[in-house]
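Reading the structure
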Amino acid sequence: MEQFETLAKAALAEEDMEKSVALAQKAVALYTGDFLTESAAEFWCINLNTYYRSLYTRLCRAAVDRLLKLGRITDAEKLCTGVIRLDPAAEEFSVFLMQALIKNKNPKKALEHYDYIASLYREVYGVSPSAELEAQKALAVQEIYGSETSEDDIQTFLLEKEQETGAFCCDNNVFREIVNLHVREMRRNDTPAALMIVRLANRSIDPEKRAVYMKQMEVTLLNELRAGDPFTKVGANQFWVLLPGATGENGGLVSRRVFNRFQKEYPKSGATYTFKSLDLRHIHMRAEEKATEKTERRKA
């Protein structure tokens, strides 16, 4: 660790980019994980653990930036991959990796990494990808499909990941757009829709068990809801489901159906859930009322 610290500080202080990168690569090779993990909870060790992890992250950030500027794209890819292997939550390095892959004319691999990391964040950490990651995804899609496209390309882009059966599980952004589309439909045709909220009640459990319980409910929703019913995971403890054609009242029937299916599929599960159905028209009306109140206050 002393050798790592010496090399890392020298790399960060070196102004010549080639020399700095060479020192950084030597330092990174020495860092294989957190400092004395078996003693990480000891008071004397906590600050050292944090210090070395912070120094490693700062060093890698600077090294990747310089590697990209030098045009050493493959080396940048390798460095980012190493950081992500040690710490998948270091999202900025997923952004760097996608940048490197796109620059290296490998946008499909960049999209594969996005799918992997987005799924990991939703299932393990209960969060959606950042705007920076979404931007890199958009760039990768543009690289693949932005030029002349064949019928096979169009089919792959639109239908490759289509679910043959079950409800439509989507990320928060897609779900929000679908809800907004239904709100527009309501304005024109007064078409009802309900929002069902499924919340994991026993939240004090450890993250691993919570992830298992949420996965059980996700599978239940996929199998029990209609193919046209979109749903999304919100945070680490909730699912929001849009039920087109339903109201808050008959949305309760769907809740009971989902609950019965869950008990049948996972009779030994320790998970408990609460269900709440809301009429989307009421939500929309309240939102419009609040917007009107804000406008009136501004005028006043």
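Computed from a predicted model, the values in this text were never measured in an experiment. (Residues numbered from 1 in each chain as written. Predicted model: local features only at pLDDT ≥ 70, side-chain atom pairs only at ≥ 80, totals over all residues. Heavy atoms only, no water.)

Describing the overall build of the chain
For clarity, the cut-off: Each helix is a run of DSSP H or I of at least 4 residues and each strand a run of E of at least 2, with the numbering of both proceeding from the N terminus. Burial classes: relative accessible area under 20% of the type maximum marks a residue as buried, over 50% as exposed, and values in between as partly exposed (1.4 Å probe, protein chains only). The contact rule is simple, with two residues in contact once any of their heavy atoms fall within 4.5 Å. Surface accessibility in these figures is a Shrake-Rupley result with a 1.4 Å probe; residues are shielded only by whichever protein chains are displayed.
In terms of regular secondary structure, the chain is built from twelve helices and five strands. Put simply, the chain has 300 residues, and 37% of those count as buried. Summarising the internal contacts of the chain: among those between residues at least 6 apart in sequence, 69% fall at separations of at least 24. When the accessible surface of the chain is totalled, it reaches about 18,000 Å², and 51% of it is carbon and sulfur.

With respect to the packing of aromatic side chains
Two descriptors summarise a pair of aromatic rings, namely the distance from one centre to the other and the angle between the planes of the rings. Heads up, the rule is: Stacked, tilted and edge-to-face are the three classes assigned to paired rings of Phe, Tyr and Trp, where Trp is represented by its six-membered ring and a pair needs centres within 6.5 Å; plane angles under 30 degrees give stacked, over 60 edge-to-face, the rest tilted.
By the definition in use, this model includes ten aromatic pairs. Both rings, one in Phe259 and one in Phe275, keep their centres 6.2 Å apart while their planes meet at 80°; by these two values the pair is edge-to-face. Of this pair, Phe259 sits in helix 11 (residues 248-265) while Phe275 sits in strand 5 (residues 273-279); the two residues are 16 residues apart in sequence, bridging distant segments of the chain. Note on Phe259: relative accessible area 33%, which makes it partly exposed. On the basis of relative accessible area, Phe275 is assigned to the partly exposed category, the value being 24%. Each residue in the set Phe4, Tyr31, Phe35, Tyr51, Tyr52 and Tyr56 is aromatic and connected to the rest through ring pairs, giving one cluster.

Here's the deal with the environment of Pro207
Here Pro207 lies in helix 10 (residues 207-224). Separated by 83 residues in the primary sequence, Pro207 and Val124 place their C-alpha atoms 7.5 Å from one another.

Side note on the packing of helix 1 (residues 2-13) against helix 3 (residues 43-70)
Filter applied, for reference: Inter-axis angles, ranging from 0 to 180 degrees, are taken between N-to-C directions of lines fitted to C-alpha atoms, where helices are fitted over the stretch in contact. Small angles under 35 degrees read as roughly parallel and large ones over 145 as roughly antiparallel, with 65 to 115 read as roughly perpendicular and the rest as oblique. If you view the pair so one helix is near and one far, a crossing is left-handed when the near helix is turned anticlockwise from the far one by less than a right angle, and right-handed when it is turned clockwise. Amino acids are sorted into nonpolar (Ala, Val, Leu, Ile, Met, Phe, Trp, Tyr, Cys and Pro), charged (Asp, Glu, Lys and Arg) and polar (every other residue, Gly among them).
Helix 3 packs onto helix 1 with a crossing angle of 40° between their chain directions and a minimal axis gap of 10 Å. For the element pair helix 1 / helix 3, the angle class is oblique. Considering only the axes of helix 1 and helix 3, their crossing is left-handed. Of helix 3, the residues touching helix 1 (which contributes Phe4, Glu5, Ala8, Lys9, Ala11 and Leu12) are Tyr51, Tyr52, Leu55, Tyr56, Arg58, Leu59, Ala62 and Arg66. Residues that form the contact of helix 1 with helix 3 fall into these classes: ten nonpolar, no polar and four charged.

Geometric values such as these leave the question of function open.
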